[in-house]
Amino acid sequence: MTQTLTPPASSDTPPRIISARPRRKPFRPSSVVAVVILAVLAIIWLLPFAWAFVTSLKSETDAGAVPVTWFPEGGFSFDAYTKVLTEGNIPQWAFNSILTSVVITVITVVISALAGYAFSRIDFTGKKVLFFVIIASIIVPPQMLIVPLFYQMLAFDMIDTYWGIILPQIIAPAMVFILKKFFDQVPIELEEAARVDGASRLRVFTQIVLPLSRPILAAVSIFVFIAAWNNFLWPFIVVNDSSLMTLPVGLQTIESAFGVQYAQNMASAILAALPLIIVFLFFQRQIIKGVATTGFGGQ
Amino acid sequence: MTTAAQLNRRTAALDGLAKPAKTPLSSKRRDSLHGWAFAAPFVIAFLLFLIWPVIFGFYQSLTSQSITGANSELIGFANYAEAFGDVEMWRSLGNTLWFTVLSTIPLVVVALVLALLVNLGLPGQWLWRLSFFMPFLLASTVVSLFWVWMYNPQLGLINDILSTFGLPAVDWLQDQNTAMIAIVIATVWWTAGFNFLLYLAALQNIPEQQYEAAALDGAGKWRQLFSITIPNLAPTTILILILQVLASLKVFDQIYQMTAGGPGGSTRSIVEYVYETGFTAYRLGYASAVAYVFFALIIIVSLIQLRISARKGAS
């Protein structure tokens, strides 16, 4: 079981990292064919974005007009955006998404790092059994737990609360595994020296181990954040109150709210897509590294 | 324990080393305490929000519980007996497997082709990577809004493109023959970028010397692709396959958002069936039983994968 889900990219071998620029090979005429194929594929991949964006800049009349056109008669405007931002719940949903995703990320990373460190460095009774149970639990699909978790949240009185969204999302056994594997590789000498000097375990952890672990902590954080930001099923189950919805859940309701307002629907979708795209443009390197290092274990 | 302590004390005495303050037993106990203290926050959350729901869900599956909690009683395995005779359950299980087959193959092949092309080292690396990976960062709802609009029978771009080639309009998401394919296409667009990145990372780890040696032996580019690149990527391919199959079996979001399982239940996945029996029909007990059937499927597939990858590893 563990074997199936054990990521080689994060085990004994150091994480594979995509360099910013791959090896440059000499440019050959045959590359022209490759460029053309690649360009066609990239255009296909960008088409849904472009079409949604153009639609969002149309008036509702133009968006619903047949035949379909890229250049509307009425020209382009940001009317759909202003309407969605002033009349809809999008700013509130964005706030909810940011709040819950940040809290989920912080809690997940902190508790996973503490546990990962314990499994890596400290000999404690029951460690092996506990670690085995945690690794085996990677196989449990979160989707199968919606019914009992909903019942549990009902009992905790957490339906329609931020904590109801957050708490079931803070357990990431795969991240404990990835962090443990990372701590295993950190040279133990520094820690031992500090221990001999009388530093407590917690001090050793926070002042020696964590600073050495920044890259892996960043990778894990990015992965957890993206997963939390995009999670649909659980917030959809636990929240009914529109003012507490996250962006993905709120967007699901706009079609009924705005009716067949195509331009406004696309403006909402673009607005919801923007934050992560902007984050990606700024942190492209780190995100790609994060996916490459944690990807295998994170799914 | 005592013998070990005695032995330790004896060796310490033999060495003439005085370590009076810390006996091995006490340091062991202290380690245990520290270990549990470090693991505790995770373990508590783990027990509360993972282990307990797994156990409680199984208990629920043995009851006739509804969302009101009324008339809930233990009914043994009756829910499971009902599930095995439930045509809709089997149908959604079948749809899930069909989606998994249809999506996994392109999600591996397309990702590989994209990675191979980008890895040729053409100019504009960041642009290629951005184009293919960006959809992966979108929430399912955004993907669904984009593609429902693309597939719109009168106003959608896809039918518009088809019509310029003189092809008839298709009602993509409302036609039983095309709905699943349409969802698969949107899914490939959405998630291929992830596998693409994993392949790209693996490609850059293939030693250059292998290609140089092959070139010296007179192997052409295509020959190198099939005798060096693809074999070197085999471990990555196996892992992507394993992860992709498991991910596809858990499909819910985009199907629920794009077709709500329709038309006529032809795209309903097993997770959606769990959701609907639990939260639309309010049969929590029965929904939990279906969830456990789904879990059994995941375990069986994982065991098969484990056997296959173990055999691959041995050979």
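**Q** Lay out the interface of chain A and chain B with the relevant residues and their values.
**A** In this complex, chain A contributes 111 residues to the contact, which on the side of chain B involves 108 residues. At the boundary of chain A with chain B, the tally comes to one salt bridge. For the salt bridge of Arg201(A) with Asp31(B), the shortest nitrogen-to-oxygen distance reads 2.8 Å. Applying the counting rule to chain A against chain B returns 11 residue pairs in polar contact (both at pLDDT 80 or more). Of all the elements, helix H2 (residues 30–56) of chain A adds the most residues to the side of chain A that touches chain B, at 17 residues. Grouping the constituent residues of the side of chain A that touches chain B by class yields 84 nonpolar, 18 polar and nine charged.

**Q** Quick one: what's the story with helix H10 (residues 221–232) of chain B, residue by residue and with numbers?
**A** All names here are of chain B. When the terminal C-alpha atoms of H10 are compared, their 15 Å separation across 12 residues agrees well with the 16 Å that a helix rising 1.5 Å per residue should span. Listing the buried residues of H10 in full gives Gln224, Leu225, Ile228 and Thr229. End-on view of H10: buried residues confined to an arc of 125°, all on one side of the axis. Projecting away from the buried face of H10 at angles above 90 degrees are the exposed residues Trp222, Arg223 and Phe226. Buried residues belonging to H10 abut helix H4 (87–118), helix H8 (179–203) and helix H9 (208–216).

**Q** Before we move on, can you summarise the pattern of salt bridges with the specific residues and values?
**A** A side chain of one charge can pair with a side chain of the opposite charge if their charged atoms are brought near each other. Residues and elements named next belong to chain B. Counted according to the given criterion, the structure contains eight salt bridges over all chains. A salt bridge links Arg268 to Glu276; its shortest N-O distance comes to 2.9 Å. With respect to burial, Arg268 and Glu276 carry one shared label: buried. Linked through salt bridges whose partners overlap, the residues forming this network are Glu88, Arg91, Arg268 and Glu276.

**Q** Mind laying out unusual backbone geometry, listing which residues take part and the relevant values?
**A** Looking along the chain, the bond that leaves Gly262(B) and enters Pro263(B) is cis, with omega of -5°. Relative to the elements of secondary structure, Pro263(B) occurs in the loop between helix H12 (253–258) and helix H13 (270–279). Although it is not a glycine, Asp160(A) sits at a positive phi angle of roughly 60°. Positionally, Asp160(A) belongs in the loop between helix H7 (146–155) and helix H8 (162–166). The exposure class of Asp160(A) is partly exposed, given its relative accessible area of 26%. Residue Tyr282(B) is not a glycine yet carries a positive backbone phi of 60°. According to the relative accessible area criterion, Tyr282(B) is partly exposed, its value standing at 42%.

**Q** Break down the packing of aromatic side chains for me, citing the residues and quoting the values.
**A** Per the stated rule, a full pass over the model turns up 43 aromatic pairs over all chains. In textbook terms, an aromatic cluster arises when at least three aromatic residues are bridged by ring pairs, as seen for Phe150(A), Phe232(A), Phe236(A), Phe252(B), Tyr256(B), Tyr275(B) and Phe279(B). Above the face of the Phe131(A) ring, Lys180(A) is positioned so that its terminal group lies 5.4 Å from the ring centre.

**Q** Quick rundown of the nonpolar core? Include the residues and the values.
**A** With 198 residues, the main nonpolar core has Phe132(B), Phe146(B) and Trp147(B) as its most contacted residues. With 17 residues, the single largest contributor to this core is H8(B).

**Q** Describe in detail the packing of helix H15 (residues 262–282) of chain A against helix H6 (residues 140–150) of chain B, supporting the description with residues and values.
**A** It is at 9 Å that the axes of H15(A) and H6(B) come closest, and there the two elements cross at 145°. In this structure, H15(A) meets H6(B) at a crossing whose hand is left-handed. Seen from H15(A), the contacting residues are Tyr262(A), Asn265(A), Met266(A), Ala269(A), Ile270(A), Ala272(A) and Ala273(A); seen from H6(B), they are Val142(B), Leu145(B), Phe146(B) and Trp149(B). Its residues placed into classes, the contact of H15(A) with H6(B) shows 10 nonpolar, one polar and no charged.

**Q** So what's going on with the side chain of Gln257(B)? Which residues, and what values?
**A** Note on placement: Gln257(B) falls in helix H12. A polar contact is formed between the side chain of Gln257(B) and the backbone nitrogen of Thr141(B), at a distance of 3.5 Å. In terms of polar contacts, Gln257(B) uses its side chain to reach the side chain of Ser144(B), at 2.7 Å. When neighbours within four sequence positions are excluded, Gln257(B) is seen to be in contact with Phe232(A), Gln252(A), Ser140(B), Thr141(B) and Ser144(B).

**Q** Residues and numbers for a nonpolar patch on the surface, please.
**A** On the surface, Leu274(A), Ile278(A), Val279(A), Phe282(A) and Phe283(A) cluster together to form a nonpolar patch covering roughly 470 Å² of accessible area. As for its position among the elements, Ile278(A) is in helix H15.

**Q** Describe the confidence of the model for chain A, naming the residues involved and giving the relevant values.
**A** Residues and elements named next belong to chain A. Summing up the model confidence of chain A, the mean pLDDT is 84 and the portion of residues at 70 or higher is 86%. Of all the helices and strands in chain A, helix H1 (residues 2–5) carries the lowest mean pLDDT, 34, while H8 carries the highest, 96. Every residue in residues 1–17 is under pLDDT 50, and counting partners more than four places away or in other chains gives 44 contacts.

**Q** Before we move on, can you summarise the environment of Trp149(B) with the specific residues and values?
**A** Mapping Trp149(B) onto the fold places it in helix H6. Excluding residues within four positions of it along the chain, Trp149(B) makes contact with Trp51(A), Thr55(A), Ala63(A), Tyr262(A), Met266(A), Leu155(B), Gly156(B) and Leu157(B).

Reading the values: the criteria
Residues numbered from 1 in each chain as written. Chains lettered and ligands numbered in written order. Predicted model: local features only at pLDDT ≥ 70, side-chain atom pairs only at ≥ 80, totals over all residues. Heavy atoms only, no water. Contact = heavy atoms within 4.5 Å. Salt bridge = Lys/Arg side-chain N within 4 Å of Asp/Glu carboxyl O. Polar contact = N/O pair within 3.5 Å; in protein donor to acceptor, adjacent residues only side chain to side chain. Helix = DSSP H or I, 4+ residues; strand = E, 2+ residues; numbered from the N terminus. Nonpolar A, V, L, I, M, F, W, Y, C, P; charged D, E, K, R; others polar. Expected span 1.5 Å × (residues − 1). Buried < 20%, exposed > 50% of the residue type's maximum accessible area, 1.4 Å probe, protein only. Arc of directions from axis to C-beta. Phe/Tyr/Trp six-rings, centres within 6.5 Å; stacked < 30°, edge-to-face > 60°. Lys NZ or Arg CZ within 6 Å of the ring centre and 35° of its normal. Core = buried A, V, L, I, M, F, W, Y, C linked by side-chain atoms within 4.5 Å. Axes fitted to C-alpha atoms, helices over the stretch in contact; angles between N-to-C directions. Left-handed = near helix turned anticlockwise from the far one by under 90°. Patch = residues over 30% accessible without salt bridge, like charges linked within 9 Å, V, L, I, M, F, W, Y side chains within 5 Å. Areas by Shrake-Rupley, 256 points an atom, 1.4 Å probe, with all protein chains shown as cover. pLDDT = per-residue confidence, 0-100.

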